[in-house]
2 protein chains.
Amino acid sequence: MNLSLQRVVPAWAWMRDYHRGLLAGDLVAALVVTMMLVPQALAYALLAGLPAHMGLYASILPLVMYALFSSSKTLSVGPVALTSLLTAAVVGKIAAVDSQAYIVAAVVLAMLCGLILLLMGLFRMGFIANFLSHPVVSGFVTASAVLIALSQVGSLVGLPAHGSNAHDILLSLLQNIDSAHSLTLAVGGLVLAFLWWARAAMTRRLVAFGMAPALAALIAKAAPAMALIASTLISYQWQLETKGVAVVGDIPKGLPRLALPSMDPALWSELAISALLIAIIGFVESVSLAKTLAAKRRQRIQPNRELVALGAANISSAMSGGFVVAGGFSRSVVNFDAGAQTQAAGMFAAVGIALVALFFTPALYFLPETTLAATIIIAVSSLIDVGVIVRAWRYSTSDFIAIVATIAATLLLGIEQGVLAGITLSIALHLYKTMQPHIAVVGEVPGTEHFRNVKRHQVITHSNIVSLRIDESLYFANASFLEDRIYELVSQLDGLEHVILQCTAVNEIDLSALDALESINLRLNEQGITLHLSEVKSPVMDALHNSDFLDKLSGSVFLTQHRAVQSLKRDEIEPYII
Amino acid sequence: MNLSLQRVVPAWAWMRDYHRGLLAGDLVAALVVTMMLVPQALAYALLAGLPAHMGLYASILPLVMYALFSSSKTLSVGPVALTSLLTAAVVGKIAAVDSQAYIVAAVVLAMLCGLILLLMGLFRMGFIANFLSHPVVSGFVTASAVLIALSQVGSLVGLPAHGSNAHDILLSLLQNIDSAHSLTLAVGGLVLAFLWWARAAMTRRLVAFGMAPALAALIAKAAPAMALIASTLISYQWQLETKGVAVVGDIPKGLPRLALPSMDPALWSELAISALLIAIIGFVESVSLAKTLAAKRRQRIQPNRELVALGAANISSAMSGGFVVAGGFSRSVVNFDAGAQTQAAGMFAAVGIALVALFFTPALYFLPETTLAATIIIAVSSLIDVGVIVRAWRYSTSDFIAIVATIAATLLLGIEQGVLAGITLSIALHLYKTMQPHIAVVGEVPGTEHFRNVKRHQVITHSNIVSLRIDESLYFANASFLEDRIYELVSQLDGLEHVILQCTAVNEIDLSALDALESINLRLNEQGITLHLSEVKSPVMDALHNSDFLDKLSGSVFLTQHRAVQSLKRDEIEPYII
């Protein structure tokens, strides 16, 4: 009974075992997360081009649904910068900002993302996320953070700035620079400076004043909430709205009503591809974050359950007037540090947001938008990672190309194009590398049965044998290269009787490569040279047995390269040093 | 002087060395090829939806240009079935058949193909063809042959049939079946039967009558030309045109005039992507054919020079009122068998076609279209290869899936979609296979220094060591799988002190995989387990030296797996038999 209930609602496992000892940690964490989430929720809604209250709506039911289905105990779900910017980019193409159609489309986008994530989870397709390489993800996140920060500069200084790539945003900033509003800039600049200081030095200062380090750290995390309250009070006191400072304005009071999103098939099909991309990006961001946090406490994340939980969260967001949600980086880290023990912390945070939506929205009327812009800029600035570019530069050319291309495409073309370019390029580079496999002439390391590259090691070779180690699986993309390379190598050698292909690194031989091997066998045979294989792995051998290649092969298949050489050698050439 | 001239016009090499001994073979081959090429050129022009004379135009200058630049001595270039059908599919989407716009677009398509091929050749990008796997190519060719044959049934029986996929063509055949023209069917059926017999039995019969086998084979190859002449004479004699048999009709007399194709930028950009696809398909077909023929005489083909030669041929085709050309299968084989020694054979064939265009076009007025349909059906029927499907089924599931999907997509969706689906699917399947690499627990084969899978071989293992052989390069798509799999394996073993990763099959470790290895190292270390590597290839080792991974690694990197185990083992577990 319990087991089957747990299959349907995995939360049953932690709910059943819940006890008072866990409550304190969960409650404190929920309080801190709520204080961070309110400004972020409002800010990311504006970033997505949506009314501020939709940020609150996306932070109530989705948190509850995620808590019911997730395997992560500490991931904090809700609106995040990346998917909000993506929402703006996608929905902005099909509807005008501030129009009802725009809101409808954003809600449908969340619904689609939710359904896609849910289906991917049910069909156990979490592996799709593997196609996003680390360089692509970091390049994409870094470039997106720059784009997001840039897009907020306009709100920060009180001038309009639009565009989905760096060039457009910069251009529109420069064109409107005359209309910058100095009072807005003053408020935003103060908030920005305060938040920067809070992140860099507040904890240290509070500890210096004698506060316990843990408490000091928690208070520093509440800096955005303090900035929100302070700037709202100032804005109210001096009626900044009448002096030209943009404020959030009317926010409907109360909880969202449940409703199905628009079922317009044209809209659904128009958004489907983008929804797939956003779903995968949101999933990758969430799951890598959840994995990092879980690993610190020796807990495990089940990617397919995360897909279901994020799917449920997005569907519930769409059905309660919210937009796309995912796991937020800064909030999750704070949730973890503040001592969240179970998914209950997320549920308590949902209650916190619900209370804000019920009672505090009138107070948010005076909140200056520039405060929210400063909040976003500080939040995303921590995502910019230049170190990984340096690391890639030092480690591998192709990773470096992938990361730079992803950054360039994201900044210059836009956020969707950036991630697509990154994925395509990293797959193409990987295929390109396997297309011209490294083929080494090898000889035996004296005193061992081990064979290494003649160019790198002092090894024993034989004049009538050439041993070739093929450093790649053989498949269609490198089949003809293999053929050309072997003919070229063989044509340079005199007195050759045997070619032995050492297949330690050959994990697969597909039909195209089998055709190439047959041609090689035939052609070498015509020249009086016998072809042998050695150290063929069992799965590859099984496949070869299903063809007639082994009957046609002029030579033999040896268990080890050592045995092959022992039985075929005529003379011995002493090792030489390069 | 000679060398630099040869760089610009590679034909200089064979022209300089040309002597009378080569002339006989080249002339005979040219004569036979001309006799095959006339009906094929006319037929393929009609297949492409173009006026018949464009087939002749595409068979004069392109042959000369190809001969000047190619590395193949025997490939016969000109209109071919596959690219003609592709031309019809692509151009049919943007202009009505029989309109002037259709002709203009077909000429621009040839120009674009030519420029693309030329550029690919100059930038040495012949490797792109490697992405077409053998199963995809054979599946695509087989399905295209079926489509082409189907599309000719209409002309064969004298009823209209249209469509770019099997379903549409069949439907339009069935809808118009009442308008089948019995006299047309009679003529077409007779030609079909004659050509079929000629291919199956004519040589044998002629030899039985005492003719020399080589001559008999040549005469059999001229069967399409005989059918053309005979059916034209019959059509003229009994005025079949007046009885409702469609004939080729007026063909302008004379040689094509040189002219630049349309320079409409909208048209060029509309055709660009399709031109790329057609160029690559034409190139792959031509080069694999040229390679097969060259190998028989121990000659070599230079793919990048073939690109240039095919590019020049297509550009000259476009500039002389022709359409897309490539290397033709049946003609090239005949050219080879008839004894073509050098590219001069192609030039002589061009002269032959020019003579036909100058003097014989009025005679072609009465040629029944049904004869040409029968010629095409017989020509493409030899391209249908069912054997490769059976071979793929027996050998490898993924090759079988690729071939079946390519055939299905080509037949059901159309010829362009088919090849794109095939390429995409074969790349996706390849990546999918490398995504969950085979990781084997290995032990030492007694009496050797060789390690094999404990599940397959009787090997020696040790209780404090687990040796894992990773059967794949480590890159972003399998990095997280590696992590999960190693944790899972390690969690099942007690008393473990060392994990040794045998890296014989690891040809690359990219940045994502390096991150995964660092996590594994850290996490195993926390559990008191040391991580070692063995048999790391030099290129991989070079890369690792450019990171700080080797400093962080808790264990060592061993030259051989044998040495690693020797220095880490505590006890020995005797080999066991499964």
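Relevant structure appears above.
Below you will find a few notes about this structure. If you're wondering where the values come from, they're calculated on a predicted model, not measured in any experiment.

What counts as what
- Residues numbered from 1 in each chain as written.
- Chains lettered and ligands numbered in written order.
- Predicted model: local features only at pLDDT ≥ 70, side-chain atom pairs only at ≥ 80, totals over all residues.
- Heavy atoms only, no water.
- Salt bridge = Lys/Arg side-chain N within 4 Å of Asp/Glu carboxyl O.
- Helix = DSSP H or I, 4+ residues; strand = E, 2+ residues; numbered from the N terminus.
- Contact = heavy atoms within 4.5 Å.
- Buried area = accessible area lost by both parts, 1.4 Å probe.
- Polar contact = N/O pair within 3.5 Å; in protein donor to acceptor, adjacent residues only side chain to side chain.
- Nonpolar A, V, L, I, M, F, W, Y, C, P; charged D, E, K, R; others polar.
- Expected span 1.5 Å × (residues − 1).
- Buried < 20%, exposed > 50% of the residue type's maximum accessible area, 1.4 Å probe, protein only.
- Axes fitted to C-alpha atoms, helices over the stretch in contact; angles between N-to-C directions.
- Parallel < 35°, antiparallel > 145°, perpendicular 65-115°, else oblique.
- 1 Å grid on protein atoms, 1.4 Å probe; cavity = no way out; pocket = protein on both sides within 12 Å on 5 of 7 lines; lining within 4 Å.
- Points joined across faces, edges and corners; volume = space filled by probe spheres on them.
- Phe/Tyr/Trp six-rings, centres within 6.5 Å; stacked < 30°, edge-to-face > 60°.
- Lys NZ or Arg CZ within 6 Å of the ring centre and 35° of its normal.
- Least-squares fit on C-alpha atoms with pLDDT ≥ 70 in both.

Under the defined criterion, the tally for this structure stands at 22 salt bridges over all chains. Here E416 of chain A and K93 of chain A are joined by a salt bridge, their closest N and O atoms 3.0 Å apart. Linking E416 of chain A in helix α20 (residues 415-435) with K93 of chain A in the loop between α6 (81-92) and α7 (100-122), this pair joins segments that are 323 residues apart in sequence. Of the charged contacts in the structure, one is a salt bridge between R391 of chain B and D515 of chain A, with a shortest N-O distance of 2.6 Å.

Bringing the interface of chain B and chain A into the picture now. Interfaces are frequently sized by the accessible area removed from exposure as the parts join. Each partner contributes residues to the interface: chain B has 67 residues there, and chain A has 67 residues. Carbon and sulfur atoms supply 53% of the area buried between chain B and chain A, which totals about 6,400 Å² over both sides. Looking only at chain B, the three residues that lose the most surface to chain A are Y395, F476 and L511 of chain B, adding up to 13% of its buried area. Our count for the chain B to chain A interface comes out at ten salt bridges. A salt bridge links K433 of chain A to E508 of chain B, with the shortest nitrogen-to-oxygen separation between them at 2.2 Å. Linking chain B with chain A are 27 residue pairs in polar contact (both at pLDDT 80 or more), by the criterion used here. Secondary structure elements with two or more residues in the side of chain B that touches chain A: α8 (134-157), α18 (387-395), α20 (415-435), α21 (476-491), α22 (511-526) and α23 (538-545) of chain B. Taken together, the residues of the side of chain B that touches chain A break down into 23 nonpolar, 20 polar and 24 charged.

With that out of the way, let us pick up the environment of D337 of chain B. Structurally, D337 of chain B can be placed in helix α15 (residues 329-337). Taking the C-alpha atoms as reference, D337 of chain B lies 20 Å from P79 of chain B; in sequence the two are 258 residues apart.

As a further point, take helix α14 (residues 303-319) of chain A. Here α14 of chain A is 17 residues long and its end C-alpha atoms lie 24 Å apart, about the 24 Å a rise of 1.5 Å per residue gives. Residue G321 of chain A follows α14 of chain A closely and has a positive phi angle near 70 degrees.

For residues other than glycine, phi is negative in most cases, and the peptide bonds are mostly trans. Residue and element names in this part refer to chain B. The phi angle at D98 is positive, at roughly 75 degrees, despite the residue not being glycine. Topologically, D98 is positioned in the loop between α6 (81-92) and α7 (100-122). If you check the backbone angles, Q239 has positive phi at about 50 degrees while not being a glycine. Structurally, the position occupied by Q239 is in the loop between α12 (223-237) and α13 (265-296). We classify Q239 as partly exposed; its relative accessible area is 32%.

What follows deals with the packing of helix α3 (residues 20-47) of chain B against α15 of chain B. All names here are of chain B. Contact geometry of α3 with α15 gives a least axis separation of 9 Å together with a crossing angle of 170 degrees. In this view, α3 runs roughly antiparallel relative to α15, as classed from their interaxial angle. Note on element contacts: α15 touches α3 through S330, R331, V334 and N335, opposite A29, V32, V33, M36, L37, Q40 and Y44. Each residue belonging to the contact of α3 with α15 can be placed in one class, and the counts come to seven nonpolar, three polar and one charged.

Our next topic: empty space enclosed by the protein. Using the criterion set out here, one finds ten cavities of 30 Å³ or more in the structure. Approximately 330 Å³ is the volume found for the largest cavity. Residue lining of the largest cavity: 22 residues in total, with T504 and E535 of chain A together with Q502, T504 and E535 of chain B positioned closest to the centre. Where the lining of the largest cavity is concerned, the elements lending two or more residues are β4 (451-453) of chain A together with β4 (451-453) of chain B. The residue makeup of the lining of the largest cavity, split by class, is three nonpolar, nine polar and ten charged.

Attention now goes to the packing of aromatic side chains. Within the structure shown, the criterion is met by 13 aromatic pairs over all chains. Aromatic pair W393 of chain B and F400 of chain B: ring centres 4.9 Å apart, planes at 65 degrees, arrangement edge-to-face. Joined through ring pairs, the aromatic side chains of Y236, Y365 and F366 of chain A make up one cluster. Taking NZ or CZ as reference, R523 of chain A lies 4.0 Å from the ring centre of Y487 of chain A, over its face. Seen from the ring of W196 of chain B, R199 of chain B lies directly overhead, with NZ or CZ sitting 5.4 Å from the centre.

Before going further, it helps to examine the relation of the copies chain B and chain A. Mapping chain B onto chain A calls for a rotation angle of 179 degrees and an axial translation of 0.0 Å; the resulting RMSD is 0.1 Å. Taken together, the turn and the small shift mark the pair as related by a two-fold rotation axis. Residue A505 of chain B of chain B places its C-alpha closer to the rotation axis than any other residue of that unit, at 1.8 Å. Mapped onto chain A, 100% of the interface residues of chain B are again interface residues, and the two copies thus contact each other with one and the same surface.

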